[in-house]
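A look at the structure
Now for the letters of each chain:
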Amino acid sequence: MTAPGIISDLDGDLDATSPVCRERQIIVANMLPLHAQRDVETAKWCFSWDEDSLLLQLKDGLSLETEVVYVGSLKVEVDVSEQEEIAQKLLENFNCVPTFVPHELHEKFYHGFCKQQLWPLFHYMLPMCSDHGDRFDRLLWQAYVSVNKIFADKVMEVINPEEDYVWVNDYHFMVLPTFLRKRYYRVKLGFFLHSPFPSSEIYRTLPVRDEILRGLLNCDLIGFHTFDYARHFLSCCSRMLGLNYESKRGYIGLDYFGRTVYIKILPVGIHMGRLQSVLNLSSTAVRVREIQEQFKGKKVILGIDDMDIFKGISLKLLAFEQLLQQYPDLQGELVLIQIVNPARSSGKDVQEAKRETYLTSGRINNIYGSPGYQPVILIDRPVARYEKTAYYGLAECCIVSAVRDGMNLVPYKYIVCRQGSPSMDKAMGIKTDSPRTSMLVVSEFIGCSPSLSGAIRVNPWDIDSVAEAMNLAITMPDSEKRLRHEKHYRYVSSHDVAYWARSFVQDLERACKDHYTKRCWGIGLGLGFRVVSLSPNFRKLSIDHIVSTYKRTNRRAIFLDYDGTIVPQSSIVKSLSPEVVAVLNVLCNDPKNTVFIVSGRGRSSLIEWLAPCERLGIAAEHGFFIKYVS
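Residues numbered from 1 in each chain as written. Predicted model: local features only at pLDDT ≥ 70, side-chain atom pairs only at ≥ 80, totals over all residues. Heavy atoms only, no water.

**Some thoughts on the confidence of the model for the protein**
Averaged over every residue, the pLDDT of the protein is 93; residues scoring 70 or more account for 96%. Between residues 1-20, whose pLDDT stays under 50, and residues either more than four places distant or in other chains, the model counts 19 contacts. (pLDDT = per-residue confidence, 0-100. Contact = heavy atoms within 4.5 Å.)

Below, the structure written as structure tokens:
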């Protein structure tokens, strides 16, 4: 079934005659950029902005005239009786639209499908056995689709489809675009994936691979952190959906039923102002002096990672152990401080990673430690932002050894903190105009790696190479460290979160500029829905019109393809059925008709299969062979 689109009759003077509308961005994400807590005295919910949220920080890249509406869930559960009042309060005070997903459904959606199936797969972990990831569960997939529908319904409540732009974030909502496109054929829709996108050999194992690809293709712009992630996505579209892409004038575009879906490649940045404000806190300066005194006379290597199986903490520890073994002179002089952020999910994998981390760090300290010296300092507790900033500022080297990570902003933060600030310089006892240095050892499998050309890139699985990289980082001449630091700081400070957001929004506007110059039809059922976009001059052929014209004409040329027209594309038996032979002979026996089969197949096969139709013309081998009986 098709539903005809509506062609606007508005002419090019629209802007001159209509009232000016304020541009609006609707940002969709799993969590709203808010903190929520109950007031102890009144028991009422109190809300405040989460200043560290990327969603809030990206507003710096938008014009002051742009209104931003957030759609997402709260980080706390709200009783049903309070939901309506809170929804009204959040919309009025914060321009936030909360989605209250029932607890059981949210568990299946987030901790089930997202974290146990999509997250591992996108990080290249296949569920080969029950100990390594969960097998595909249709009930969890249905929960994922249901939550995507709930979020889409919330967007529909607030959207002005002709004016607003919708920006969907991350792998939690990869089929949400289908629901929006089904409701509004010309919705201005962008999507940014903050995780890796796996190679087609991994992605193709997902039972719902087509539904997710088609969901993303219902966007106008799809963003990725790196070229590799974009390349993997394009490869999946080619291998699984038969779509080809082309690059012209610096843009990559996929033709999807007449619509051009644009691909954007740009890594996210950090919020410079937010980080610099923490650098200037008095609490940061105090903590810097404490840490400096604690590790006086020692070189510090820093690692800050979430506790999960993909961050490679145990591999980092093994490489550090190898370093101490190979270079005994470093024993007593070198310290690895590993800060472990709380895990974002629970499960056997996380517990195993934690156990291995503690066992390895304990072994290193037992073998290489001495009174007053502990080579590995494991900090497994919530660490305040100012304290992390202090550790960043003092570390001679920062190492990120993740085996797979979408982006990872730890190296960017480290570079900015090493640049310092007046208060930090004073606390550390260095001159304000003194040259700055920093050294990075980063995994080649993380999203920020391509943008850090001065970092020492490593394969985290190669323990020997990582150990050598750490040794190189701490022994490199200061002049070289300074050059690398300056190069990195120029990039990080100019390609911040505002630059990223501004660039994405500009490309989204460019991708949507031709929305009202084409005619649209919606086709397909369920998650297979898509919009066919055609020239305004296109008119769908009416069967009655075809029959009427056919009867009136005296000379008719009929050209038919073989595979997919005369016989099904997937059919193993390529010979004609009796019914098809009968229809072809009726057409060929009409003296007013000239009927041809046009195919790329070889002549011998076609002549054999079409033998029952004596008066049928054959154009085989892409027209190289032609047979016709007049």
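Now that the structure has been shown, we can carry on.
**Considering helix 12 (residues 313-326)**
Spanning 14 residues, helix 12 covers 20 Å between terminal C-alpha atoms, matching the ideal 20 Å at 1.5 Å per step. Along helix 12, 11 of the 14 residues are buried, which leaves the element largely enclosed by surrounding structure. Regarding helix 12, the residues found buried are Ile313, Ser314, Leu315, Lys316, Leu317, Ala319, Phe320, Glu321, Gln322, Leu323 and Leu324. Where helix 12 is buried, its residues meet strand 13 (299-306), strand 14 (334-341), helix 13 (348-368), strand 15 (376-379), strand 16 (397-400) and helix 17 (463-475). (Helix = DSSP H or I, 4+ residues; strand = E, 2+ residues; numbered from the N terminus. Expected span 1.5 Å × (residues − 1). Buried < 20%, exposed > 50% of the residue type's maximum accessible area, 1.4 Å probe, protein only.)

**Describing the sheet that holds strand 16**
Strand order in the open sheet formed by 6 strands is 15-14-13-16-17-18, and the pairing between neighbours is parallel. The sheet is open, and its two edges are formed by strand 15 and strand 18 (456-458), each paired on a single side. Neighbour to neighbour, the strand axes of the sheet diverge by 20° on average, direction disregarded. Summarising the sheet, strand 14 and strand 15 pair through 4 bridges and their orientation is parallel. Bridge assignment links isoleucine 339 to a residue of strand 15, and that residue is isoleucine 379. Sheet contacts for helix 15 (residues 410-419): strand 13, strand 16 and strand 17 (440-443); angle to strand 16, the most-contacted strand, approximately 170°. (Pairing = 2+ DSSP bridges. Axes fitted to C-alpha atoms, helices over the stretch in contact; angles between N-to-C directions.)

**What to know about the nonpolar core**
Core analysis: the biggest nonpolar cluster contains 107 residues, and Leu58, Trp167, Ile337 and Trp500 have the highest contact counts within it. For this core, the element with the highest residue contribution is helix 19 (residues 497-511), accounting for 7 residues. When residues of this core are sorted by domain, at least three fall in each of domain 1 (24-28 + 57-67 + 100-265) and domain 2 (272-494). Residue contacts for tryptophan 167: discarding those within four places in its chain leaves Gln25, Ile26, Ile27, Val28, Leu58, Gly190, Phe192, Trp500, Ala501, Phe504 and Val505. Counting residues in each nonpolar core, the second largest holds 69 residues, with Phe109, Leu121, Met174 and Leu206 among its members. (Core = buried A, V, L, I, M, F, W, Y, C linked by side-chain atoms within 4.5 Å. Domains from an automatic or database assignment.)

**Description of the sheet that holds strand 11 (residues 251-256)**
Spatially, 9 strands are ordered 6-5-2-7-8-9-12-11-10 in an open sheet, and the strand pairing comes out mixed. Two strands in the sheet have a free side with no partner beyond their single neighbour: strand 6 (96-98) and strand 10 (245-248). Recorded for the sheet is a direction-independent mean angle of 25° between the axes of neighbouring strands. The strands that helix 5 (residues 138-158) touches are strand 2 (24-31), strand 5 (67-73), strand 6 and strand 7 (165-169); relative to strand 2, the one it contacts most, it runs at about 155°.

**Brief notes about the pattern of salt bridges**
Tallying each qualifying case throughout the model produces 34 salt bridges. The salt bridge partner of aspartate 507 is lysine 264, with a shortest N-O separation of 2.9 Å. In this pair, aspartate 507 sits in helix 19 while lysine 264 sits in strand 12 (residues 259-265), placing the two residues 243 residues apart along the sequence. Per residue, the accessibility class of aspartate 507 equals that of lysine 264, and both read buried. In this structure, a network of salt bridges that share partners links the residues Arg287, Glu290, Arg381 and Glu387. (Salt bridge = Lys/Arg side-chain N within 4 Å of Asp/Glu carboxyl O.)

**Considerations on the packing of aromatic side chains**
Counted by the stated rule, this structure contains 28 aromatic pairs. Summarising the aromatic geometry, the rings of phenylalanine 113 and tyrosine 144 are spaced 4.9 Å apart at their centres and angled 50° between planes, so their arrangement reads as tilted. Here the residue phenylalanine 113 occupies a position in helix 4 (residues 103-122), and tyrosine 144 occupies one in helix 5, the gap between them amounting to 31 residues. Judged by relative accessible area, phenylalanine 113 falls into the buried class, the value being 0%. On the numbers, 5.2 Å between centres and 50° between planes, the contact of tryptophan 167 with tryptophan 500 is tilted. Highlighted residues: tryptophan 167 in strand 7 and tryptophan 500 in helix 19, separated in sequence by 333 residues. Tryptophan 167 sits in the buried class, given a relative accessible area of 0%. The ring of tryptophan 49 is capped by lysine 59, whose NZ or CZ atom sits 5.7 Å from the centre of that ring. (Phe/Tyr/Trp six-rings, centres within 6.5 Å; stacked < 30°, edge-to-face > 60°. Lys NZ or Arg CZ within 6 Å of the ring centre and 35° of its normal.)

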